[in-house]
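So the chains spell out like this:
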Amino acid sequence: MHKKAIVYPLKYPGGSTHDNFELRHSLRALDKHLQDDVPVYLISAKKPEFLNDKIIHIKEKGYMKAMIKACELADEIIWWNDDIYLIKDLNWEYLRSWRRTSAQVGIKAQKQRLESSNGWSRNLGKVIQKLREKGLTTYSYVSHSPYLYETKKLKELFEEWDFGYKTSM
């Protein structure tokens, strides 16, 4: 197990409908601008043909299965999406800083999530509701930026919470 790693989940068995255009550019940008030597994993049902030996492919089907598998790879992982690009040199410490709003998630936002037609948003509403019932403060980390997970804590979350299809946490 590594101390840290970057993990890309790839939803589609063969990649996006654009021949993994986003993934190709994201990997190139990461290779060019990440200043630390960190292993990079791609977890998907099928290995894209263009991957080089620098990217470690792990065969797994499904988003949550990929996240559970990622917990076995490193103590800390940064969950990276194929449409995230670095445009300047950055190091691991910069990437591990979370972005969130400064305001707590309110009852109105929770209700909107619970009533949403989007399954991911409804699951997020359920998580917010459960956190509030436990007396915990909730903030919105909803953005399309890399997420840092400490895998020991993530495993504990999986034992206590049912996140459903995707990680509404």
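Residue numbers here run from 1 along each chain, matching the order of that chain's written sequence. Local features in this predicted model are restricted to residues whose pLDDT is 70 or higher, and side-chain atom pairs enter the listing and the counts only when it is 80 or higher, whereas totals over whole chains, interfaces and linings include all residues. Hydrogens and waters are ignored; side-chain quantities use all the structure's heavy atoms.

(A) Spotlight on the overall build of the chain. Secondary structure is summarised from DSSP: a helix means a run of H or I of at least four residues, a strand means a run of E of at least two, and numbering begins at the N terminus for each. When helices and strands are tallied, the chain shows 6 helices and 5 strands. Mapped from its N terminus to its C terminus, the chain presents α and β elements in the order β-α-β-β-α-β-α-α-α-β-α. Exposure classes here rest on a 1.4 Å probe applied to the protein chains alone. A residue is buried below 20% of its type maximum, exposed above 50%, and partly exposed in between. A burial count over the chain gives 41% of its 169 residues as buried. Excluding contacts between residues fewer than 6 apart, the proportion of contacts in the chain whose partners are at least 24 apart in sequence is 69%. The Shrake-Rupley method, run with a 1.4 Å probe sphere, supplies the accessible areas, and residue values consider only the shown protein chains as cover. Taken as a whole, the chain presents about 10,400 Å² of accessible surface, with 49% of it coming from carbon and sulfur. In this analysis, two residues are considered to be in contact whenever any of their non-hydrogen atoms come within 4.5 Å of each other.

(B) Expanded view of the environment of Asp36. For Asp36, the position within the fold is in the loop between α1 (21-33) and β2 (40-44). Using a relative accessible area of 27% as the deciding quantity, one classes Asp36 as partly exposed. The spacing of Asp36 and Asn91 is 55 residues in sequence and 5.8 Å in space, taken between C-alpha atoms. Sequence-distant contacts of Asp36, defined by excluding residues within four places in its chain, comprise Asn91 and Trp92. Of note is the side chain of Asp36, whose polar atom sits 2.5 Å from the backbone nitrogen of Trp92. Pairs of N or O atoms within 3.5 Å make up the polar contacts considered here, provided that, within protein, one atom can donate a hydrogen while the other can accept it, and that residues adjacent in sequence are counted only when both atoms are side-chain atoms.

(C) Broad picture of the pairing of strand β4 (residues 74-79). In terms of burial, β4 is a largely internal element, 5 of the 6 residues being buried. Between any two strands, at least two bridges found by DSSP are needed for them to pair. Both strand β1 (residues 2-9) and β4 contribute to a ladder of 5 bridges, which runs parallel. Considered in β4, the bridge of His2 is made with Ala74.

(D) Spotlight on the sheet that holds strand β5 (residues 147-150). Strand order in the open sheet formed by 5 strands is β3-β2-β1-β4-β5, and the pairing between neighbours is mixed. Edge strands, defined here as strands with exactly one partner in the open sheet, are β3 (55-59) and β5. Sheet twist, expressed as the average angle between the axes of neighbouring strands with direction ignored, equals 30°. Here β1 pairs with β2 via 4 bridges, running parallel. Across the sheet, Tyr8 pairs through a bridge with Leu42, a residue of β2. In this analysis, axes come from line fits to C-alpha atoms, helices being fitted only over the stretch in contact, and the angle between any two N-to-C directions falls in the range 0 to 180 degrees. The strands touched by helix α2 (residues 63-70) within the sheet are β1, β2, β3, β4 and β5, with β4 carrying the most contacts at an inclination of about 145°.

(E) Spatial organisation of the nonpolar core. Grouped together as the largest cluster of nonpolar side chains are 20 residues, with contacts concentrated most on Ile6, Tyr8, Leu30 and Trp80. Those elements giving two or more residues to this core turn out to be β1, α1, β2 and α3 (92-95). Ranked by residues supplied to this core, first place goes to α1 with 3 residues. When near neighbours in sequence (up to four residues on either side) are disregarded, Ile6 contacts Leu30, Leu34, Val38, Pro39, Val40, Tyr41, Ile78, Trp80 and Trp92. Core analysis: the second largest hydrophobic core is formed by 19 residues, Tyr41, Ile43, Leu73 and Ile77 among them. Nonpolar cores are built from buried Ala, Val, Leu, Ile, Met, Phe, Trp, Tyr and Cys residues. Side-chain atoms within 4.5 Å join them into one set.

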